[in-house]
Amino acid sequence: MQKLQTVDADTLLYEPLEKPRFVVDGLIPTGLILFCGAQKIGKSWLMLKLCLCVSQGLPLWEMKTAEGDVLYLCLEDTFSRIQDRLFQVTDEASGRLHFAVASCKLSDGLIVQLEDYLKDYPDSRLIVIDTLQKVRTASKDNAYASDYGDISLIKDFADRHSLAVIVVHHIRKQNDSDVFNKVSGTTGLTGSADTTFVLEKENRASDTARLYVTGRDTPYQEFILRFRDCSWELVERKTQEQLAKEAIPDVLFRLVKFMQDKTEWSGTATELIAAMGETETVPAVITKWLNEYRTTFLSENSIGYQYSRRKEGRQIALTRKAGDSDDSNDG
């Protein structure tokens, strides 16, 4: 039996270790990436754009790419269809972008085929497998074990070669407040992936979509994209910090302004709303928001919050540190 390999905390704390490399800065690291979306939503168009950018070292939506060889397994297409797509999206392409329309399944030698490909193209940066279903073998075993086993084979290959391997997959039609729960299959897929993308439209006829991204080495972010002239164009990119700020209720920004000329205020929630001149905020709701954001947004703006129950009713006490400037975060 092989001896367990360990690393002590002192080594991890002080020894410089190699960080994950990114094929697309801040977006696509090396490792296994799941790229999911509904059927016919435009996943293959986006994968083609990505492959073209990496193979030529061109930016993707103003994000730098690491130029290198790229393999795109278009397992639901033909070379003729791929050619037609290239005609529509580019006037020139790189010899570093390689296509295949057939491959072995994972259980029949796909990893060996990919290993052989890397012998011919050792400077490869990216491999796209479109789609996962085309390389899987139907199994009657435990669904989670099957998902985990299939995806682990690809992840192990990606990690050993420090490659980004993107596996295109589908989402379920069910509604869920968390888009990542819509990924078809068990959590064995998303749990094993280093990064997960979900591309989703509000409706099939729309030319815009949201791209949701989360991962171990990639911070959560959202992109608003527009499909124009057979290409996905960037409309807006929102980081985790921007999204968190947008989630803060507007009334709290107005409360910060309300407290700018005060060192303290106390009263009921109803009295606070009246003093601020709010007409659409319910007392119980503002009390909840004050408690929810007291250690984050309010604290960052030097607003202290206390809550107590008294005979005269539920009391709110707000304080602002003396000497704070009046240029607080006003949104």
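Up top you'll find the structure we're talking about.
Notes on the structure follow. From a predicted model like this one, the values you see are computed outputs, not experimental measurements.

1. A short note on the overall build of the chain
What the chain contains, in helices and strands, is eleven helices and 14 strands. For 331 residues, the compact-globule estimate of 2.2 N^0.38 gives 20 Å, and the chain exceeds it by more than 25% at 26 Å. In terms of overall dimensions, the chain has C-alpha extents of about 75 × 55 × 40 Å along its principal axes. Counting across all 331 residues of the chain, residues that qualify as buried make up 44%. For the chain, the share of sequence-separated contacts (at least 6 apart) that also reach a separation of at least 24 residues comes to 62%. For the chain, the accessible area works out to roughly 18600 Å², and carbon and sulfur atoms hold 48% of it. With 41 positive and 50 negative side-chain charges, the chain shows a separation of 5 Å between the mean positions of the two kinds.

2. Focus on helix H10 (residues 283-292)
Among all positions in H10, only Ile286, Thr287 and Leu290 are buried. Buried positions in H10, seen along its axis, are confined to an arc of 105° and lie on one side of it. Buried positions along H10 lie against helix H8 (250-258), helix H9 (269-276), helix H11 (297-300), strand S13 (303-310) and strand S14 (313-320).

3. With respect to the side chain of His170
You can see His170 is positioned in strand S7 (residues 164-170). Ignoring anything within four residues of it in the chain, the contact list for His170 reads Cys36, Gly37, Gln39, Lys43, Thr131, Val183 and Ser184.

4. Some thoughts on helix H4 (residues 110-120)
All of the buried residues in H4 are Leu110, Ile111, Leu114, Tyr117 and Leu118. The arc that holds every buried residue of H4, seen down its axis, measures 115°, which confines them to one face. When the buried face of H4 is taken as reference, the exposed residues oriented beyond 90 degrees from it are Val112, Lys119 and Asp120. Looking at the buried positions of H4, the neighbouring elements they touch are strand S4 (69-74), strand S5 (97-100), strand S6 (124-130) and helix H5 (143-161).

5. Remarks on the nonpolar core
Leu27, Ile28 and Trp61 are the most contacted members of the largest nonpolar core, which totals 39 residues. Ranked by residues supplied to this core, first place goes to helix H2 (residues 43-56) with nine residues. What Leu27 contacts, discounting residues up to four positions off in sequence, is Phe22, Leu60, Trp61, Met63, Thr195, Phe197, Val213, Thr218, Gln221 and Phe223. If you look at the next biggest cluster of nonpolar residues, it comprises 32 residues, including Leu32, Leu132, Leu189 and Val198.

6. What to know about the environment of Phe99
Along the polypeptide, Phe99 turns up in strand S5. Judged by relative accessible area, Phe99 falls into the partly exposed class, the value being 22%. Taking the C-alpha atoms as reference, Phe99 lies 57 Å from Leu255; in sequence the two are 156 residues apart. Not counting residues within four places of it along the chain, the set of residues in contact with Phe99 comprises Leu48, Tyr72, Cys74, Phe79, Ile82 and Leu86.

7. Here's the deal with the sheet that holds S13
If you trace the three strands from one edge of the open sheet to the other, you get S12-S14-S13, paired in antiparallel fashion. Among the strands making up the open sheet, the edge pair consists of strand S12 (264-267) and S13. Sheet twist, expressed as the average angle between the axes of neighbouring strands with direction ignored, equals 10°. Running over the sheet, H10 touches S13 and S14 and is turned about 130° from S13.

8. Here's the deal with the sheet that holds S4
With mixed pairing, the nine strands of this open sheet are ordered in space as S5-S4-S6-S7-S3-S8-S9-S10-S11. The open sheet terminates on both sides in strands that have one partner only, identified here as S5 and strand S11 (231-239). On average, adjacent strands in this sheet sit at an angle of 20° to one another, irrespective of strand direction. Note that S6 and S7 share five bridges and pair parallel.

What counts and how
- Residues numbered from 1 in each chain as written.
- Predicted model: local features only at pLDDT ≥ 70, side-chain atom pairs only at ≥ 80, totals over all residues.
- Heavy atoms only, no water.
- Helix = DSSP H or I, 4+ residues; strand = E, 2+ residues; numbered from the N terminus.
- Rg over C-alpha atoms; globule rule 2.2 N^0.38 Å.
- Buried < 20%, exposed > 50% of the residue type's maximum accessible area, 1.4 Å probe, protein only.
- Contact = heavy atoms within 4.5 Å.
- Areas by Shrake-Rupley, 256 points an atom, 1.4 Å probe, with all protein chains shown as cover.
- Lys, Arg positive; Asp, Glu negative; His and termini not counted.
- Charge placed at Lys NZ, Arg CZ, Asp CG, Glu CD.
- Arc of directions from axis to C-beta.
- Core = buried A, V, L, I, M, F, W, Y, C linked by side-chain atoms within 4.5 Å.
- Pairing = 2+ DSSP bridges.
- Axes fitted to C-alpha atoms, helices over the stretch in contact; angles between N-to-C directions.

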